[in-house]
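Residues per chain, in single letters:
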Amino acid sequence: MKITFDWLRDHLKTNLKEKNLLNQLTNIGLEVESVENLSAENELFKVAKITKTEKHPNADRLKVCDVDIGNKNIKKVVCGASNAKEGLITVYAPPGAIIPKTKTKLVEAKIRGITSYGMLCSESELNLSDESDGITELSKSKYERNIGKNFFSKSKTNIIDLSITPNRPDCLGIRGIARDLAASGFGKLKDIKKEKIKSTIKQTLKVKINKENNQGCSIFGSCLITNVKNTESPQWLKNKLVSVGQKPISAIVDITNYVMLDINRPLHAYDADKIEKSIIVRNSKSGEEFTALDNKKYKLENGMCVISDNKGVLGLGGIIGGTRSGTEFHTKNILLESAYFDPRSIRKTAKKLNLDTDAKFRFERGIDPFSIEDGLNKAASLIKEICGGEISKIDVQKFENFKTKVIKFDPNLFEKISGFKISNKEMFKVLEDLGFKLKKEKKYLKLTIPSWRPDISQEVDIVEELVRIIGYDKISTIGPIKERTKSTLTQTQKLFHFLQRSIASKGYLETITWSFTDANYNNYFKDRFKEIKIINPISSELGVLRNSIYSNLIMFMSKNLDRGFKDLSIFEIGPVFTGSNPGEQNTIICGLSAGKKSRLSWIEKERNFDVFDAKKDVVQTLVEAGYNSDKFFIDNETPNYYHPGKSGRLFLNERKDQVAAYFGEIHPNILKKIDVKTDSLVGFEIFLDNLKLPKKSLNDQKTKFVISDYQKSERDFAFVVNKNVNAQDLINTISNIDQNLISNIKVFDVYEGDNIPEHQKSIAINVTIQSFDKTLNDNDLEKINNLIIKTVEDKTGAKIRS
Amino acid sequence: MSDLKKIKEEFLLKLKKKLNLSEINQIKSDLFGKNGQVSSQFKKIGTLAESERKKFASDLNIIKDELQSLINSKMDEIQSAEINEKLEKEKIDITLPERPFVKGKIHPVSQTIDEISSIFSEIGFSVEEGPDVENEYNNFTALNTPDNHPARDMHDTFYLDEKKEKLLRTHTSPVQIRTMLKSKPPFKIIAPGRTYRSDSDQTHSPMFHQVEGLYIDKDINMGHLKGCLNYFIKEFFEVDKIKMRFRPSHFPFTEPSAEVDIGYKIKDGRIIIGEGDKWLEILGCGMVHPNVLKNVKVNPSKFQGYAFGIGIDRLAMLKYGINDLRSFFDCDYRWLNHYGFDPLDVPTNYRGLSR
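This structure is a prediction, so every number in the text was calculated from the model and none was measured. (Residues numbered from 1 in each chain as written. Chains lettered and ligands numbered in written order. Predicted model: local features only at pLDDT ≥ 70, side-chain atom pairs only at ≥ 80, totals over all residues.)

Here the focus is the overall build of chain B. Regarding its fold elements, chain B presents eleven helices and ten strands. At 42 Å, chain B has a C-alpha radius of gyration far larger than the 20 Å of a compact globule built from 355 residues. Over its C-alpha atoms, taken along the principal directions, chain B stretches across nearly 130 × 45 × 45 Å. Sequence separation of at least 24 residues holds for 67% of the intrachain contacts in chain B that already meet a minimum separation of 6. (Helix = DSSP H or I, 4+ residues; strand = E, 2+ residues; numbered from the N terminus. Rg over C-alpha atoms; globule rule 2.2 N^0.38 Å. Contact = placed C-beta atoms within 7 Å.)

What follows deals with the overall build of chain A. Regarding its fold elements, chain A presents 21 helices and 43 strands. Based on the C-alpha atoms only, the size of chain A along its principal axes is roughly 130 × 85 × 55 Å. For chain A, the share of sequence-separated contacts (at least 6 apart) that also reach a separation of at least 24 residues comes to 69%.

When the pLDDT values of chain B are averaged, the result is 90; 99% of them are 70 or greater. Of the two predicted TM-score estimates for the complex, the pTM is 0.84 and the ipTM is 0.87. (pLDDT = per-residue confidence, 0-100.)

This part takes up the interface of chain A and chain B. If you look at the interface, chain A gives 81 residues, while chain B gives 67 residues. Considering each element in turn, the side of chain A that touches chain B owes the most residues, six residues, to helix α13 (residues 459-470) of chain A. A class-by-class count of the residues in the side of chain A that touches chain B yields 30 nonpolar, 31 polar and 20 charged. (Nonpolar A, V, L, I, M, F, W, Y, C, P; charged D, E, K, R; others polar.)

This brings us to helix α14 (residues 491-504) of chain A. Residue pairs three or four apart in sequence face the same way in an α-helix, which turns once every 3.6 residues. Between its terminal C-alpha atoms α14 of chain A stretches 20 Å, which fits the 20 Å expected from 14 residues at 1.5 Å a residue. Here α14 of chain A has its buried residues at L499, Q500, R501, S502, I503 and A504 of chain A. For α14 of chain A, the secondary structure elements touched by its buried residues are β28 (509-510), β32 (568-577), β33 (585-594), α17 (611-624) and β39 (681-687) of chain A together with α5 (108-122) of chain B. (Expected span 1.5 Å × (residues − 1). Buried ≥ 20, exposed ≤ 12 C-beta atoms within 10 Å, placed from the backbone.)

Now for the domain arrangement of chain B. Under the domain assignment, chain B is made up of domain 1 (3-90) and domain 2 (108-339). Taking only C-alpha atoms, the centre of domain 1 of chain B and the centre of domain 2 of chain B are 90 Å apart. (Domains from an automatic or database assignment.)

This part is about the sheet that holds β33 of chain A. Residues and elements named next belong to chain A. Read from one edge to the other, the open sheet built from seven strands follows the order β28-β32-β33-β39-β38-β37-β36, with strand pairing classed as mixed. The outermost strands of the open sheet, each flanked by one partner alone, are β28 and β36 (633-635). Bridge count between β33 and β39: seven bridges; the pairing is antiparallel. For I588, the partnering residue across the bridge sits in β39 and is F687. Sheet strands in contact with helix α16 (residues 550-562) are β32, β33 and β39, and its direction is about 25 degrees off that of β33. (Pairing = 2+ DSSP bridges. Axes fitted to C-alpha atoms, helices over the stretch in contact; angles between N-to-C directions.)

Residue and element names in this part refer to chain A. The sheet built from four strands is open, its strands ordered β41-β42-β40-β43 with antiparallel pairing. Strands with a single pairing partner mark the edges of an open sheet, and in this sheet they are β41 (742-751) and β43 (799-800). Pairing analysis gives ten bridges linking strand β40 (residues 713-722) to strand β42 (residues 760-769), with the strands arranged antiparallel. The partner of A718 across the bridge, within β42, is A764. The strands that helix α20 (residues 727-737) touches are β40, β41 and β42; relative to β41, the one it contacts most, it runs at about 155 degrees. Lying over the sheet, helix α21 (residues 778-796) contacts β40, β42 and β43, oriented at roughly 20 degrees with respect to β40.

Before going further, it helps to spend a moment on the pairing of strand β22 (residues 334-341) of chain A. Residues and elements named next belong to chain A. Along β22, eight of the eight residues are buried, which leaves the element largely enclosed by surrounding structure. Every second residue of β22 is oriented toward a common face, with I334, L336, S338 and Y340 on one face and L335, E337, A339 and F341 on the other, all of them buried. Of the strand pairs in this sheet, strand β14 (residues 217-226) and β22 are connected by eight bridges, and their pairing is antiparallel. Across the sheet, S222 pairs through a bridge with E337, a residue of β22.

Turning our attention to the domain arrangement of chain A. Splitting chain A by domain gives domain 1 (2-38 + 157-189), domain 2 (44-146), domain 3 (206-398), domain 4 (406-471), domain 5 (491-690) and domain 6 (706-800). One C-alpha centre belongs to domain 1 of chain A, the other to domain 6 of chain A; they are set 86 Å apart.

Further remarks concern the confidence of the model for chain A. Summarising the model, chain A shows a mean pLDDT of 90, and 98% of its residues fall at 70 or more. Predicted confidence in chain A is weakest over helix α3 (residues 38-42) of chain A, with a mean pLDDT of 65, and strongest over β28 of chain A, with 97.

On to the packing of helix α1 (residues 3-16) of chain B against helix α4 (residues 50-90) of chain B. All names here are of chain B. Remark: α1 packs on α4, axes separated minimally by 10 Å, with the N-to-C direction vectors making an angle of 10 degrees. Taken together, the axes of α1 and α4 lie roughly parallel to each other. Here L4, I7, K8, F11 and L15 of α1 lie close against α4, whose contacting residues are D59, L60, I63, L67, L70, I71 and K74. Classifying every residue of the contact of α1 with α4 by side-chain character gives nine nonpolar, no polar and three charged. (Parallel < 35°, antiparallel > 145°, perpendicular 65-115°, else oblique.)

Let us now look at the nonpolar core. What tends to happen in soluble globular proteins is that the nonpolar side chains get buried as a cluster. Among the nonpolar cores identified, the biggest contains 155 residues, and L336 and I383 of chain A are the most heavily contacted of them. Of all the elements, helix α7 (residues 251-263) of chain A adds the most residues to this core, at nine residues. Apart from the residues lying within four places of it in its own chain, the contact partners of I383 of chain A are I225, V228, I252, I255 and G389 of chain A. Counting 61 residues, the second largest nonpolar core, distinct from the first, contains V544, L545 and F577 of chain A together with L168 of chain B. (Core = buried A, V, L, I, M, F, W, Y, C linked by C-beta atoms within 7 Å.)

Another aspect to go through is helix α12 (residues 424-433) of chain A. Residue and element names in this part refer to chain A. The set of residues buried in α12 consists of M427, V430 and L431. All buried residues of α12 lie within an arc of 95 degrees about the axis, which places them on one face of the element. The exposed set on the far side of α12, more than 90 degrees from its buried face, consists of K425 and E432. On the buried face of α12, the contacting elements are α5 (174-183), α11 (412-418), β26 (437-441), β27 (444-448) and α13. G435 lies just past α12 and shows a positive phi near 105 degrees. (Arc of directions from axis to C-beta.)

Residue and element names in this part refer to chain B. Contact geometry for α5 and helix α8 (residues 222-237): axes closest at 10 Å, N-to-C directions at 135 degrees. Viewed along their axes, α5 and α8 adopt a mutual orientation that is oblique. Between α5 and α8 the crossing geometry is right-handed. Of the residues in α8, those in contact with E115, I116 and I119 of α5 are F232, E235 and F236. (Left-handed = near helix turned anticlockwise from the far one by under 90°.)

Let us now look at unusual backbone geometry. All names here are of chain B. Omega for the bond connecting P185 with P186 falls within 30 degrees of zero, at 5 degrees, which places this linkage in the cis form. Positionally, P186 belongs in the loop between α7 (174-182) and β4 (187-196). Each neighbour pair has its own omega, and for E255 with P256 the value is -5 degrees, a cis peptide bond. If you trace the backbone, P256 turns up in strand β7 (residues 254-267). Notably, E238 is not glycine yet its phi reads approximately 55 degrees, a positive angle. Within the fold, E238 resides in the loop between α8 and β6 (244-251).

The subject of this paragraph is the environment of N377 of chain A. Residue and element names in this part refer to chain A. In this structure, N377 sits in helix α10 (residues 372-387). It is 30 Å that separates the C-alpha atoms of N377 and K429, two residues lying 52 residues apart in sequence. Filtering out sequence-adjacent residues up to four positions away, N377 remains in contact with K194, E195, K196 and I197.

See below:
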């Protein structure tokens, strides 16, 4: 909402300065977004005349214009507008000028080899209208003698742009703002003399609001003004509109705009001669069409509130009028409409048609239903004053009666909510200034809510009004008590934070990527999950919720590789989505490493990242988090985005209930398709939600310290087994033989080839044997030795290598 | 000259020369070996007359000890010389680079979330979470923002179905609803997390982070809200004093509502929080609307309290001098390395939030 201090003064008597005003507006919740002074910037814009145009030698669409900027001073300006022609009077901006719309500063520039000294501006660039086709055309009769003069009239006042919250429709009119300011002590609200039409002429155009379900119009007030002479607005009116950035059009349109901005009462003026017989306010039928004042054709659906005549739709009530009944300079007879439209109906229709207008913006927030006649009186009087004519009596059709709302307010609630006290006197004054009517009833106040405040419906709203006007700075600061009765994080949250930092400590950079991704990338990684589309994505490349973190990680990894970084580990901890219902998401830690684990240096040999690096990071992290790696169970059933031979699936135990993690090389086909340029790409996914919280807390684990001080012995075994037998099988077999004696098992060699039969391999294992009871003698060791060999041979089909 | 003296003289002379280890060993064996000269003398003892025997044995032992100790010290000398020589040869250029290492980092948003949690933990808030996909009811309706309410325009929402029933949460406030529905007051929680709005330009990212705060009890008023936020902002920015301004605003789910600005100035291109006369909006808050409490079956005549929502990314930008919101999610290796935190830098109360 754009206002000026000058306009405010129409309603507010005050001696205070603009600086105080800006602070006060913000203090009472009418936030000042910006303050702009048009005149300082705009003095550079001149009325100018094109004296000659030539085709640009190097560009078909451009013209080189000679522009007279006054006193026979001719500038060469390159211009692309099709309407630039000899004799046209327009607006010229010299180098150094700042274009109001784009806020860019003009410089002298060569355009296709020809230097352009400034620019000819469109109305849109000057913020005069949305017209961006072609440059501004000024009327010859009026502007011929102004060539060389400033285009913008000098104005000393600033445009103050306020951000009005959606609950305050009343502040979409200057008077509403003035009322709030006055209540807060910033001046006094002026009484305005209410114009009242004294007429004996009947309103002869019949208006009918159809009784329909969901009728969007509850009151339709109107009057006829006959024999007017529509003209340009007088200077005071033009200045007023221009001062808040509006473009004057014609007296009748300007007056309706002025009344809307002044008292937040939207009006619509019809050319009464173009209305066929009568006005019917009704629901639209599907397929009905009309051309609106924005020159666009709208096709309506069922149930939109339209103003129509016997021929068809004239306009969308409270949103936009139609061209068929629009007023023009030659319009003689006017029907002036002042109506109340239901906010929900307005919003629904405007949303469906994707329409936004000043009227719609106001009606959807709620217009004062009791301002119908005030608006008609004010506007009709002005029209008569400026355009002449005869005003008819006001006709008001009602579909529904509005009642004033009354609230029973307990004054004690103020302190209960705000935490501070004010006197009853102060409280009553604020409320009265805001337009409430007060009646004391025992300890309560019976408050009649002003009709322009649809936002107020319960006691707490009154508290807000009071705190807002009295000042949020009066609220005391009650410091918090440092006391904790409940633990801050749950076990799962602690695990989340632990794993996050555990992975980072292994050389991974934490990233945060968006929860949505490119469907093409997601397809590679979505595994068994359904694609989840976003209905209205910001771009097609961000069209689906991610089923896996890999799609984003690989995309960004690839970007980093393109930046020239060869070896890199990144990870993200966050949600992936398994369905489109709330809660159908899992928390995953996904890590990805590209390139080489070690690159050739004076001290190290070169080595690519491989699956066992990923496996190490997964296992180490889980062990650090408190899981027992002796119980881990690993197989090679992984989703299809992993290399089928070089990837694994990890369970926390042999029962295999829920997958704790996948790890492995990314499938080479995907690398090829995505075109990732790297020596190797390995990754892992840890499924946080599948990790059962360790049963024992860290404290429990630390209570008992059991070790053995008896001598330990190590024995090496080499078994020849079929290739499909896993190392894990051998290790588990051995460790299950006697968990009290076998304290450690290590694979120190795996060998295939010479001396080993085809389809078989040799696995060399080092076993540490130690008892908690005694030092083992040769006999004991021999026994366990033989037991190990026999058990492994029996259970896995292995043969000990002699 | 007696044999003994001769032996002593001869070997003392030999041992004076510069010798290597094997030469010394040779001397040692010449003296004390099976047929060594000293060993041979010992064998002689038995053949000597009783009267001579004692003195001879005593002299022999003295000579033996003397030579023996001389040999030992000579050997030590040589060994240490040899070790020193070996070490001298092993000397390397210690300025050559160490074995390469990699350093992982924690994202500034994660670090900031931990800082926030740590601060609120101190005053008794616990951390709650909610899903990223929400239903329209929890995100809007329950929060007193009915359908066709203009306040919905303030949130450009991503929808997952044509009926617009499922959406990506536009704020963390639905966690309020979930928290209050699943248990009984009092409630004292914060809820950090991802939030989404279909807005994308220099200062808006379609995904960003918020932390929600909710404190409902019997007598929690606006003074408590002010005190809590004042405490939080001071702790977060690690400054002694801050300038804070409460300004009336409007959110459908709080009444009264406020926006909070903090005072700042720009010095040498950096934002200094707590000084200066410029204002920066950092959060929205207010007293939870009675309609919201009714929607979650909490009696608004018995319980009341406040809620707030803070943009986490914005806080991180201010605290750590990051200019571009979009860069948070661009995963540029250089950026992550520069703005990221060492994983060991866990923000805690006792040692401060940051080093």
